[in-house]
Amino acid sequence: MGLEFTPAFWAGLTQIVLIDIVLAGDNALVIALACRNLEKKYQWPAIMVGTAGAILLRVIFVLIVDQLMQIPYLKLVGGLLLLWIGMKLVQGDDSHGSDVKGSSSLWGAIRTIIIADAVMSLDNAIAIAAAAKGDTTLIILGLLISIPLVVFGAQLIMVLVNRFPIVVVAGGGLLGWIAGNTIVSDPAYSSWLMAAFPQAKLAFEIGGAIFVVGLGYFLQYRAKQKRRQDPVDLATHAGKE
């Protein structure tokens, strides 16, 4: 079936692109934070592979979104994963030190990008599917247009992260906020939770942000204290020199 460039087609495509522009900020933030500790030569491959994986997952989610929404507690699990990822990003990668090989760090960054984007893509898929009204061609075309938005957005955010480290904390807090929203909106319990506690959505969002930043900073502080307490092998240190 060929493309029909009707007013309905252009209206649907415009809606999807606008949705992608809004959502690209979250995806670009995750990519930038995950890649910030990589050597420059590995940053571009991580961005490209991570973005491709995230877009592919979003396409799959859009196509099966109705079935996914029937799985109880899926969003709860996804939200908990986002909390963990946000906390690790705030904590930083100091525990690995400079001895981590570039290839290992590269795949670690790609894994983080795909997991985080897969979790966030469920809500994104719902919005995109609603705008496309079942038109698979429209969905895929809109998602393809979103790729450069995510890629170049990630590069811009990485520049900001390197210049202003506070962006990492803000990004981790945003992931915690999104995690809280994801957890509270699980269809398995969201109806009775909102009925019993009308402010649950805001409470979970704020709580998620505080949890991620607070626990991330605590683990970062504990790792630094541990390094200070560990004895230094002077012979080994001298040998390296």
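Structure first, text after, so check above.
Note that the structure is a prediction, hence the values are computed from the model and not measured.

How should helix H6 (residues 136-163) be read in this particular structure?
Since one α-helical turn is 3.6 residues long, residues separated by three or four positions face the same way. Helix length check: H6, at 28 residues, gives a terminal C-alpha distance of 41 Å against a target of 40 Å (1.5 Å per residue), a fit within 8%. Regarding H6, the residues found buried are Leu138, Ile139, Gly142, Leu143, Ser146, Val150, Val151, Gly153, Ala154, Ile157, Met158 and Val161.

Explain the environment of Leu74 to me, please; I cannot follow it from the model alone.
Tracing the sequence through the fold places Leu74 in helix H4 (residues 74-91). Note on Leu74: relative accessible area 30%, which makes it partly exposed. When the C-alpha positions of Leu74 and Thr182 are compared, they lie 9.6 Å apart, and in sequence the two are 108 residues distant.

I keep staring at the nonpolar core and nothing clicks. Help me out?
One recurring pattern in soluble globular proteins is that nonpolar side chains are buried together. Of all hydrophobic cores here, the largest spans 38 residues; its most connected members are Ile31, Cys35 and Leu82. Sorting elements by how many residues they give to this core places helix H1 (residues 7-35) first, with eight residues. Sequence-distant contacts of Ile31, defined by excluding residues within four places in its chain, comprise Ile47, Thr51, Ile113, Asp117, Val150 and Ala154.

It is not clear to me how the packing of helix H2 (residues 40-63) against H6 should be interpreted in this structure. Could you clarify?
Two measures define how a pair of helices packs: the angle their axes make with one another and the distance between the axes. The interhelical angle for the contact between H2 and H6, taken along N-to-C directions, is 150°, at an axis separation of 10 Å. Taken together, the axes of H2 and H6 are roughly antiparallel relative to one another. The handedness of the crossing between H2 and H6 comes out as right-handed. In contact with Gln43, Trp44, Ile47, Met48, Thr51, Ile55, Arg58, Val59, Val62 and Leu63 of H2, H6 contributes Thr136, Ile139, Ile140, Leu143, Ser146, Ile147, Val150, Val151, Gln155 and Met158. Considering only residue class, the contact of H2 with H6 consists of 14 nonpolar, five polar and one charged.

Conventions adopted
Residues numbered from 1 in each chain as written. Predicted model: local features only at pLDDT ≥ 70, side-chain atom pairs only at ≥ 80, totals over all residues. Heavy atoms only, no water. Helix = DSSP H or I, 4+ residues; strand = E, 2+ residues; numbered from the N terminus. Expected span 1.5 Å × (residues − 1). Buried < 20%, exposed > 50% of the residue type's maximum accessible area, 1.4 Å probe, protein only. Core = buried A, V, L, I, M, F, W, Y, C linked by side-chain atoms within 4.5 Å. Contact = heavy atoms within 4.5 Å. Axes fitted to C-alpha atoms, helices over the stretch in contact; angles between N-to-C directions. Parallel < 35°, antiparallel > 145°, perpendicular 65-115°, else oblique. Left-handed = near helix turned anticlockwise from the far one by under 90°. Nonpolar A, V, L, I, M, F, W, Y, C, P; charged D, E, K, R; others polar.

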